[in-house]
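Single-letter residue listing:
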Amino acid sequence: MINEAERQILVVHLPGKDGLCAGCRAWWSRLTPYPCWQVDWVTTRQARSLTAALLGGRA
């Protein structure tokens, strides 16, 4: 239930040793606390998709 864009975000946006998002630092030179808004978006999307599938809605 995860598409390629979501998978890529989760692979790149990992927590660094300093508690900041390694993906945001590497891609945009931003010091963003982990979880960043990209990770929040993916996990929220996955939760909605799973809930819809369990309740018989479209995924």
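Throughout what follows, the structure given in this document is the object of discussion. By convention here, each chain's residues receive numbers from 1 onward along its written sequence. Only residues with pLDDT of 70 or above have their local features reported here, since the model is predicted, and side-chain atom pairs are shown and tallied only from 80 upward, although totals for entire chains, interfaces and linings are computed over all residues. With hydrogens and water stripped out, all remaining heavy atoms of the structure feed into the side-chain values.

**Re the pattern of salt bridges**
- Put simply, a salt bridge is a Lys or Arg side-chain nitrogen that is within 4 Å of an Asp or Glu carboxyl oxygen. The full count for this structure, using the stated rule, is three salt bridges.
- Here R45 and E6 are joined by a salt bridge, their closest N and O atoms 2.2 Å apart. One end of the pair, R45, is in helix α3 (residues 37–54); the other, E6, is in helix α1 (residues 4–12), and 39 residues separate them in sequence.
- Residue classification places R45 among the partly exposed residues on the basis of a relative accessible area of 37%.
- Remark: exposure states derive from per-residue accessible area (1.4 Å probe, protein chains only) relative to the maximum for the residue type, with buried under 20%, exposed over 50%, and partly exposed in between. According to the relative accessible area criterion, E6 is buried, its value standing at 2%.
- Between D18 and R25 there is a salt bridge, and its shortest N-O distance comes to 2.5 Å. In this text, helices come from DSSP runs of H or I with a minimum length of four residues, and strands from runs of E with a minimum of two, each type numbered from the N-terminal end.

**As for the packing of aromatic side chains**
- Each aromatic pair joins two rings of Phe, Tyr and Trp (for Trp, the six-membered one) with centres within 6.5 Å, and gets the label stacked for planes under 30 degrees apart, edge-to-face for over 60, and tilted for any other angle. Evaluation of the coordinates by the stated rule reveals one aromatic pair.
- With 5.7 Å between their ring centres and 85 degrees between their planes, W27 and W28 make a pair best called edge-to-face.
- Since its relative accessible area comes to 37%, W28 is described here as partly exposed.

**Observations concerning unusual backbone geometry**
- Cis geometry marks the peptide bond from Y34 to P35; its omega dihedral reads 0 degrees.
- The topology assignment puts P35 in the loop between α2 (22–28) and α3.
- Even without a glycine there, the phi angle at S29 is positive, about 55 degrees.
- Its place among the elements puts S29 in the loop between α2 and α3.

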